[in-house]
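Breakdown of the fold
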Amino acid sequence: MPTRELRLTNRRGLHARAATKLVQCCQPFAARVAVHHGERIADAANIMSLLMLAAPCGTPLVIVTEGDEAEPAMEAITALFEARFHEDE
């Protein structure tokens, strides 16, 4: 079960557009993805649960992937975070 801490560095944090991109990033993979923010946990397949994390810019999130394609899913998610959700282009 790959686990990685990633920091939100896009200006608006995990808002609706970024959450949508995260959901879409995870969809192609046979993996379950959980996003942890403190005591709160969101299913990365559910945009509303991601928005309920209320994670602003600078927030560290712990990403946990499990399933047949857990590693590739984690790599794709890491790339999305590193690209700042393609918002600052």
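Described in the following lines is the structure provided in the data block. Just so it is clear, the model here is predicted, and its values are computed rather than measured.

The next point concerns the overall build of the chain. When helices and strands are tallied, the chain shows three helices and four strands. Listing every helix and strand of the chain by position from the N terminus yields β-α-β-β-α-β-α. Rg of the C-alpha trace for the chain: 11 Å, near the compact-globule value of 12 Å for 89 residues, within the 12% margin. Dimensions of the chain along its principal axes, counting C-alpha atoms only, are 35 × 30 × 20 Å. Relative to its full complement of 89 residues, the chain shows a buried share of 40%. Considering only residue pairs separated by 6 or more positions, the chain has 74% of its internal contacts joining residues 24 or more positions apart. By element, 52% of the accessible surface of the chain is carried by carbon and sulfur atoms, the whole surface being about 5000 Å². Side chains of the chain give 9 positive and 12 negative charges; the mean places of these two sets differ by 10 Å.

Direction vectors running N to C along helix H1 (residues 16-26) and helix H3 (residues 70-82) enclose 155°, while the axes themselves pass 9 Å from each other. As summarised for this structure, H1 and H3 are arranged roughly antiparallel, according to the angle between their axes. H1 and H3 meet at a crossing whose hand is right-handed. Counted together, Lys21, Leu22, Cys25 and Cys26 of H1 and Ala76, Ile77 and Leu80 of H3 form the full contact between these two elements. In terms of residue class, the contact of H1 with H3 is built from six nonpolar, no polar and one charged.

Read across the open sheet, the four strands follow the order S1-S4-S2-S3; overall the sheet is antiparallel. The open sheet terminates on both sides in strands that have one partner only, identified here as strand S1 (3-7) and strand S3 (40-43). On average, adjacent strands in this sheet sit at an angle of 25° to one another, irrespective of strand direction. Note: S1 against strand S4 (residues 60-66), five bridges, orientation antiparallel. Within S4, the position partnered with Arg7 by the bridge is Pro60.

Moving on, we come to the environment of Pro2. Structurally, the position occupied by Pro2 is in the segment before S1. The exposure class of Pro2 is buried, given its relative accessible area of 16%. As for Pro2 and Phe81, which are separated by 79 residues in sequence, their C-alpha atoms are 16 Å apart. Residues in contact with Pro2, not counting those within four places in the same chain, are Ile63, Val64, Thr65, Ala70, Glu71 and Met74.

Calculation notes
- Residues numbered from 1 in each chain as written.
- Predicted model: local features only at pLDDT ≥ 70, side-chain atom pairs only at ≥ 80, totals over all residues.
- Heavy atoms only, no water.
- Helix = DSSP H or I, 4+ residues; strand = E, 2+ residues; numbered from the N terminus.
- Rg over C-alpha atoms; globule rule 2.2 N^0.38 Å.
- Buried < 20%, exposed > 50% of the residue type's maximum accessible area, 1.4 Å probe, protein only.
- Contact = heavy atoms within 4.5 Å.
- Areas by Shrake-Rupley, 256 points an atom, 1.4 Å probe, with all protein chains shown as cover.
- Lys, Arg positive; Asp, Glu negative; His and termini not counted.
- Charge placed at Lys NZ, Arg CZ, Asp CG, Glu CD.
- Axes fitted to C-alpha atoms, helices over the stretch in contact; angles between N-to-C directions.
- Parallel < 35°, antiparallel > 145°, perpendicular 65-115°, else oblique.
- Left-handed = near helix turned anticlockwise from the far one by under 90°.
- Nonpolar A, V, L, I, M, F, W, Y, C, P; charged D, E, K, R; others polar.
- Pairing = 2+ DSSP bridges.

Read these as spatial facts, not as claims about activity.
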